Amino acid sequence: MARKDSRGRNLRTGERQRENGLYEYRYNDPVTGKMDVNTLFERYIEARKLADQTRENYIRMWNCHVKDEIGRMKVVEVRPSHVKLFYARLSKAGYSRSTIKLLHDMLYPAFEMAVDDDIIRKNPCKMALRDFGRDPEAREAITNDQQEKLLAFVRDSNVYNVYFPMLVIMIGTACRCGEIIGLTWSDIDMKNKQVSITHQLIYKNLGEGSRLCVTTPKTEAGIRDIPMTASVRKAFEKQREYQFMMGIDRDYEVDGMKGFIFTSKNGRPLQPSAVNNVLYNIVDAYNKQEAAKAKKEHRKLEMMPRISAHILRHTGCTRMAERGMDVKVLQYIMGHANIAVTMEVYNHITEYARIEKEILKMEDLMVV
């Protein structure tokens, strides 16, 4: 028996009349009803404006962790419990909180788009992200004392002294690893003591194997000019001398760029992994030397912590904050798009300095 409205008209499939007399029509799209989460993500990633490197990272993470898991489910069938269980499995497998947060930051807006398109009524990712994942590993800046000892060791080493200028520049500019290895001599203005950051080098697979590629910074904040300190300028001069003495070819090209500053013997720019391996080897050699000295001198061994390119960047940022650099200037030097990232370091340093200053006021209150 056909359904009718208040005027006796037959109502169509999906159509109904409300008590206030208004009509409502619901249409079930057979295509969207069968859409799986992987297809939803493809729609979402296509609609977003992302840097190439960010897009590739999102797709890689999705394919690795989501595609064959919750990705195969129909969008309309996903419930909050499915998402929570998915995060719980990742957490149990030992993935960090930041990794799970990154996946959540892809899933949540994708499902939000499905809500906007009336495919689903509620976002199943809402309130699904709790305290999942292991705590992130602490990546502390090295202390002033450790920095001095490390640089002195490298400077005086017959094996690692060729890397001394690079370490000074990494700390003195607080640049990202990709920015450091991407520097060319045309980016360096020795007269005006300025380093121009307009690009970076990354190692990625373009479909025909992995290779170094030139990319622009992720955000406009990454494009900046960094003034040189006297020590940084001297380090660039020393690096130029090294290249001349070793006869390094400056014509090696990457995406049309050449004249790279930090290279292997054949003129090829260093890969990010190569920079970190150099730092790991330097720390191992330093600790081995210090162990021998401590044993001979019958004193406690003070080990140098594991150091990466990121830690040297964090160290450079910390030294600048320790010297009271204006936080907005520090944000610019670091190339941070969001000042909250800069403030995380700045507040930690300035807060500790404030504590030291205040505790000194207690010295005159007690006589020993």
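As a starting point, this report considers the structure included with it. Just so you know, these numbers come straight off a predicted model, no measurement behind them. Throughout, residues of each chain are indexed from 1 in the direction in which the sequence is written. Only residues with pLDDT of at least 70 are given local features in this predicted model, and only at 80 or more are side-chain atom pairs given and counted; all residues enter the totals for whole chains, interfaces and linings. Side-chain numbers come from the whole structure's heavy atoms, not from hydrogens or water.

Moving on, we get to helix α3 (residues 52-65). Each helix is a run of DSSP H or I of at least 4 residues and each strand a run of E of at least 2, with the numbering of both proceeding from the N terminus. Take the number of residues in a helix, subtract one, and multiply by 1.5 Å to get its expected span. With 14 residues, α3 ought to run about 20 Å at 1.5 Å a step, and its terminal C-alpha atoms sit 20 Å apart, in line with that. Think of it in three bands: residues with accessible area under 20% of the maximum for their type are buried, residues over 50% are exposed, and the middle band is partly exposed, with areas taken using a 1.4 Å probe on protein chains only. For α3, the full list of buried residues reads T54, Y58, M61, W62 and H65. Across the axial projection of α3, the buried residues extend over an arc of 100°, all falling on one side. Of the exposed residues in α3, the ones pointing more than 90 degrees away from its buried face are D52, R60 and C64. To be clear, the arc concerns the directions from the helix axis to the C-beta atoms.

Our next topic: the packing of helix α11 (residues 309-322) against helix α12 (residues 327-334). When two helices pack together, their arrangement is captured by the angle between the axes and the distance separating the axes. Note on method: axes are straight lines fitted to C-alpha atoms, helices fitted across the in-contact stretch only, with angles between N-to-C directions ranging 0 to 180 degrees. Following both chains from N to C, one finds α11 and α12 inclined at 160°, their axes separated by 11 Å at the closest point. As judged from the angle between their axes, α11 and α12 are roughly antiparallel. Relative to α12, the crossing made by α11 is right-handed. Residues R313, C317, M320 and A321 of α11 form the contact with α12, whose own contacting residues are L330, I333 and M334. Tallied by class, residues from the contact of α11 with α12 come to six nonpolar, no polar and one charged. Angles are sorted into four bins: roughly parallel if under 35 degrees, roughly antiparallel if over 145, roughly perpendicular if 65 to 115, and oblique for all others. Crossings are assigned a handedness: left-handed for a near helix turned anticlockwise from the far helix by less than a right angle, right-handed for a clockwise turn. Contacts between residues were defined by any pair of non-hydrogen atoms, one from each residue, lying within 4.5 Å. Following the grouping adopted for this structure description, the nonpolar residues are Ala, Val, Leu, Ile, Met, Phe, Trp, Tyr, Cys and Pro, the charged ones are Asp, Glu, Lys and Arg, and the polar ones are all others, Gly among them.

Right, let's get into unusual backbone geometry. Excluding glycine, most residues fall at negative phi; most peptide bonds, likewise, are trans. Notably, M127 is not glycine yet its phi reads approximately 65°, a positive angle. Here M127 shows up in the loop between α5 (97-116) and α6 (144-156). Positive phi, close to 50°, is recorded for D255, a residue that is not glycine. Checked against the element boundaries, D255 lands in the loop between α9 (230-245) and α10 (272-297). Judged by relative accessible area, D255 falls into the partly exposed class, the value being 43%.

This brings us to the sheet that holds strand β7 (residues 224-227). Being paired, for any two strands, means DSSP has found at least two bridges between them. Read across the open sheet, the three strands follow the order β3-β4-β7; overall the sheet is antiparallel. Of all the strands in the sheet, the pair left with one neighbour each is β3 (188-189) and β7. As paired elements, β3 and strand β4 (residues 194-197) share two bridges and run antiparallel to each other. Looking across to β4, one finds that D189 is bridged to Q194.

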